[in-house]
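Below are the chains, spelled out letter by letter.
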Amino acid sequence: MKTISLAALLLAAVAAGYYLLQPNAADETLTDDPALPGNVANGAYLARISGCIACHTDSENKGKLVAGAPLNSPYGEFYAPNLTTDADTGIGSWTLNDFDRAVRHGVSPDGETYYPAFPYEFFTQLSDQDIRDLWAAFQTVPPVNQPTPSSQLSFPYNLKQGLPLWQRFSS
């Protein structure tokens, strides 16, 4: 009897751990509906005031607009990714829904949780129209083929496996 109870408890713990370590992304989706266009001017304004341009442009080294930039921190060096329309190294192959999940939920198109150096919690309150506007603005940025280097972080910050758990308890 003890063996069955212990096995059931272990199975419940594994199931709970699996659930807690899954990215905390919304189920709702935004679609590219031509009847709901984004406003490029408002999106560009939102990108400026929310820090997208400042964090994703390597101004110090005269980098291209939103093509990625290093971000130094006490934990190591993060790299803000390429937000240009390049299909290989930027967001050119993303959908509006991919963009929404990344911006408002901190989850990449392949399901990877972003480090909290990307302040997606700040963007959770953006409206669907704000996301459409930002998306429309980023679609006007010329492609720059510039891969994003891997972040160089000290232990234990280099372990991304706990980020979904952090997301669940911080929101």
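If you're wondering where the values come from, they're calculated on a predicted model, not measured in any experiment.

Criteria and thresholds
- Residues numbered from 1 in each chain as written.
- Predicted model: local features only at pLDDT ≥ 70, side-chain atom pairs only at ≥ 80, totals over all residues.
- Heavy atoms only, no water.
- Helix = DSSP H or I, 4+ residues; strand = E, 2+ residues; numbered from the N terminus.
- Buried < 20%, exposed > 50% of the residue type's maximum accessible area, 1.4 Å probe, protein only.
- Contact = heavy atoms within 4.5 Å.
- Phe/Tyr/Trp six-rings, centres within 6.5 Å; stacked < 30°, edge-to-face > 60°.
- Salt bridge = Lys/Arg side-chain N within 4 Å of Asp/Glu carboxyl O.
- Pairing = 2+ DSSP bridges.
- Axes fitted to C-alpha atoms, helices over the stretch in contact; angles between N-to-C directions.
- Parallel < 35°, antiparallel > 145°, perpendicular 65-115°, else oblique.
- Core = buried A, V, L, I, M, F, W, Y, C linked by side-chain atoms within 4.5 Å.
- Disulfide = S-S within 2.5 Å.

**A look at the overall build of the protein chain**
Broken down by element type, the protein chain carries seven helices and three strands. Reading the protein chain from its N end, one meets helices and strands in the order α-α-α-β-β-α-α-α-β-α. Classification of the 171 residues of the protein chain by burial places 34% in the buried group. Counted over contacts in the protein chain with a minimum sequence separation of 6, partners at least 24 positions apart contribute 67%.

**Overview of the packing of aromatic side chains**
For the structure on display, the rule yields six aromatic pairs. One aromatic cluster is present, built from ring pairs that chain together Tyr114, Phe118, Tyr120, Phe122 and Phe123.

**Considering the environment of proline 74**
Turning to its location among the elements, proline 74 is positioned in the loop between β1 (69-73) and β2 (76-80). In this structure, the C-alpha to C-alpha distance between proline 74 and serine 154, residues 80 residues apart in sequence, is 9.1 Å.

**Overview of the pattern of salt bridges**
As enumerated under the stated definition, the model contains two salt bridges in all. A salt bridge links arginine 104 to aspartate 128; the nearest nitrogen and oxygen atoms lie 2.7 Å apart. Placement of arginine 104 in helix α4 (residues 96-105) and of aspartate 128 in helix α6 (residues 128-138) is noted, with a sequence separation of 24 residues between them. By relative accessible area, which is 9% here, arginine 104 ends up buried. Here aspartate 128 falls in the partly exposed class, since its relative accessible area comes to 41%. Each member of the salt-bridge network shares a partner with another, and the members are Asp100, Arg104 and Asp128.

**Notes on the sheet that holds β2**
Pairing in this open sheet of three strands is antiparallel, and the strands run β1-β2-β3 from one edge to the other. The open sheet terminates on both sides in strands that have one partner only, identified here as β1 and β3 (152-153). In terms of strand pairing, β1 meets β2 through five bridges, oriented antiparallel. What sits directly across from alanine 69, in β2, is alanine 80.

**Describing the packing of helix α2 (residues 40-49) against α6**
Interhelical geometry of α2 versus α6 gives an angle of 95 degrees and a closest axis separation of 7 Å. Compared by their axis directions, α2 and α6 come out roughly perpendicular. Where α2 approaches α6, its residues Val40, Asn42, Gly43, Ala44, Leu46 and Ala47 are matched on the opposing element by Asp130, Asp133, Leu134, Ala136, Ala137 and Phe138.

**Observations regarding the nonpolar core**
Counting residues in each nonpolar core, the largest one holds 19 residues, and the members touching the most others are Ile91, Trp94, Phe99, Leu134 and Phe138. Put simply, the parts of the chain that give this core at least two residues each are α2, α4 and α6.

**Re the environment of proline 156**
Inspection of the secondary structure assignment puts proline 156 in the loop between β3 and α7 (163-170). Under the relative-accessibility criterion, proline 156 is labelled partly exposed at 41%. As for proline 156 and tyrosine 75, which are separated by 81 residues in sequence, their C-alpha atoms are 9.1 Å apart.

**Topic: the state of the cysteines**
Considering all chains together, one arrives at zero disulfides under this definition. The closest cysteine sulfur to the non-disulfide-bonded cysteine 52 is located on cysteine 55, 8.2 Å from its own sulfur. The exposure class assigned to cysteine 52 is buried, which follows from its relative accessible area of 12%.

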